[in-house]
Amino acid sequence: MATTDRQATTLALAHALSAAERGLAVIPLSRTKLPALRSPHRADPAPIPCHGECGRPGHGVYDATTDPARIRELFAAAPWATGYGIACGLPPHHLIGVDLDTKSDADSSAALRELALRHLFTIPPTVVVLTPSGGRHLWLTGPPDVVVPNSAGRLAPGIDIRGAGGYLVGPGSRTEHGVYRTAPGTSHIGPAPCPRALLRLLLPAPRPHHPTPPSAGGHGQGLVQFVMAAHEGQRNTRLFWAACRAYEDGIGPGLVEPLVEAALDTGLTEREARATIASAARLTGHHP
């Protein structure tokens, strides 16, 4: 490995450990901004969905951790890594990334200002990361019981959103096009709460409501199993998603107690579980 690559890896690891100290879960990235470790299932004849349950690294954002020892292990397994990714949507920050791109013909900054004027919100002072291409990443935090999905250009041309299951390239990372840096004056502050009006824009519109008979128990059982399979860091996200699907499919009221029981099995408290399900009910236009 060239000396410059070794230096980049050492710096990336140092920045990743610093981010983890602030509660941000990280993974090593290659110069292409992709996860540095390849999937351990890539050669399997019939790969099955795995989010790290197998215990091996190489599951992208699902490897993200704040444990310094684990971070060092991941970087040791990927000595070619020159950057790190910060997982979005995880506690304690429930990070949301607003990516203002410069690759399209649209002026993404102007588009965000127009949205702010139209929907009456202001982006508060927050962490801003400057990309090598001239773009900006705005870091915001979301409520713990709301799942913000990833999207590309849905909010406005040139504006991408990094939410649950996504990641942001961390400041100090070196890529093929240059180094990501924290904007002057923002390195000393933490990510600010996402304005409620903007948060509403980031959430998907409720799907048309098509009631299904309660007798269709297979789907409900599948949602319960989905929640029971959650591990720490996914519990609220999975419960919220399952509850949304249940209410949209007309089986929400009848599935509340099974979902609560499943959430209790994963380690959530009854209060947390019922609050998350109530949030899903409100989001889908129902009264919990």
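Up top is the structure these notes are about.
Residues numbered from 1 in each chain as written. Predicted model: local features only at pLDDT ≥ 70, side-chain atom pairs only at ≥ 80, totals over all residues. Heavy atoms only, no water.

## Some remarks on the overall build of the protein
Working step 1: Along the backbone of the protein there are 8 helices and 12 strands.
Working step 2: Its C-alpha atoms give the protein a radius of gyration of 20 Å, near enough to 19 Å, the size a compact globule of 288 residues would have.
Working step 3: Counting only C-alpha atoms and orienting by the principal axes, one finds that the protein spans roughly 65 × 50 × 35 Å.
Working step 4: Counting every position in the protein, which comprises 288 residues, the buried fraction comes to 45%.
Working step 5: About 14600 Å² of surface is accessible on the protein, with carbon and sulfur atoms providing 57% of the total.
Working step 6: For the protein, the distance from the average position of its 26 positive side-chain charges to the average position of its 23 negative side-chain charges is 5 Å. (Helix = DSSP H or I, 4+ residues; strand = E, 2+ residues; numbered from the N terminus. Rg over C-alpha atoms; globule rule 2.2 N^0.38 Å. Buried < 20%, exposed > 50% of the residue type's maximum accessible area, 1.4 Å probe, protein only. Areas by Shrake-Rupley, 256 points an atom, 1.4 Å probe, with all protein chains shown as cover. Lys, Arg positive; Asp, Glu negative; His and termini not counted. Charge placed at Lys NZ, Arg CZ, Asp CG, Glu CD.)

## Let's talk about the side chain of Thr126
Working step 1: The residue Thr126 is located in the loop between helix 3 (108-119) and strand 4 (128-130) in this model.
Working step 2: Take Thr126: its relative accessible area is 5%, and that puts it in the buried class.
Working step 3: Within the local environment of Thr126, its side chain forms a polar contact with the backbone nitrogen of Ala192, the two atoms lying 2.9 Å apart.
Working step 4: In this structure, Thr126 is in contact with Trp139, Leu140, Thr186, Ile189, Gly190, Pro191 and Ala192, ignoring residues within four places of it in sequence. (Polar contact = N/O pair within 3.5 Å; in protein donor to acceptor, adjacent residues only side chain to side chain. Contact = heavy atoms within 4.5 Å.)

## Some remarks on the side chain of Ser151
Working step 1: Its place among the elements puts Ser151 in strand 6 (residues 151-156).
Working step 2: Taking the relative accessible area as the measure of exposure, Ser151 reaches 14% and is therefore buried.
Working step 3: With residues up to four places along the chain from it excluded, the contact list for Ser151 reads Asp160, Ile161 and Arg162.

## Let's talk about helix 7 (residues 252-266)
Working step 1: Here helix 7 contains 15 residues, and its C-alpha end-to-end distance of 20 Å stays within 8% of the 21 Å for a straight helix at 1.5 Å per residue.
Working step 2: Approximately 30° is the largest bend angle found in helix 7, and it occurs at Pro258.
Working step 3: What helix 7 keeps buried is the set Gly252, Leu255, Val256, Leu259, Val260, Ala262, Ala263 and Thr266.
Working step 4: Of the residues flanking the end of helix 7, it is Gly267, one or two places downstream, whose phi is positive at about 115°. (Expected span 1.5 Å × (residues − 1). Bend = angle between axes of the 7 residues up to and from the residue.)

## Thoughts on the sheet that holds strand 2 (residues 83-87)
Working step 1: In spatial order, the strands read 1-2-8; together these 3 strands make up an open sheet with antiparallel pairing. What marks the edges here is a single partner per strand, and that holds for strand 1 (26-29) and strand 8 (167-169). For this sheet, the mean angle separating the axes of adjacent strands, direction not counted, is 35°.
Working step 2: In terms of strand pairing, strand 2 meets strand 8 through 3 bridges, oriented antiparallel. Directly across from Gly85, in strand 8, lies its bridge partner Val169.
Working step 3: Along the sheet, helix 2 (residues 68-77) contacts strand 1 and strand 2; its crossing angle with strand 1, the most-contacted strand, is approximately 15°. (Pairing = 2+ DSSP bridges. Axes fitted to C-alpha atoms, helices over the stretch in contact; angles between N-to-C directions.)

## Describing the pairing of strand 6
Along any regular strand the residues' side chains alternate between the sheet's two faces.
Working step 1: Bridge count for strand 6 against strand 7 (residues 159-162) is 3 bridges, and the pairing is antiparallel. Counted as the bridge partner of Ser151 is Ile161 from strand 7.
Working step 2: The turn joining strand 6 and strand 7, which pair antiparallel and follow one another in sequence, is formed by 2 residues; a positive phi near 85° is taken by Gly158.

## Observations regarding the pairing of strand 2
Working step 1: For strand 2, the tally of buried residues reaches 5 of 5 residues, placing the bulk of the element in the interior.
Working step 2: Alternating positions in strand 2 separate into two faces, Gly83, Gly85 and Ala87 on one and Tyr84 and Ile86 on the other, with burial throughout.
Working step 3: Here 4 bridges tie strand 1 to strand 2, and the two strands are oriented antiparallel to one another. The residue bridging Pro28 from the neighbouring strand is Tyr84, located in strand 2.

## Looking at the packing of helix 6 (residues 235-248) against helix 7
Working step 1: Across the interface, helix 6 lies against helix 7 with an axial gap of 10 Å and an inter-helix angle of 165°. Our classification of the angle between helix 6 and helix 7 gives roughly antiparallel. As for how helix 6 packs across helix 7, the hand of that crossing is right-handed. For the pair helix 6 and helix 7, the contacting residues are Arg235, Leu239, Ala242, Ala243, Ala246 and Tyr247 in the first and Gly252, Pro253, Leu255, Val256, Leu259, Ala263 and Thr266 in the second. (Parallel < 35°, antiparallel > 145°, perpendicular 65-115°, else oblique. Left-handed = near helix turned anticlockwise from the far one by under 90°.)

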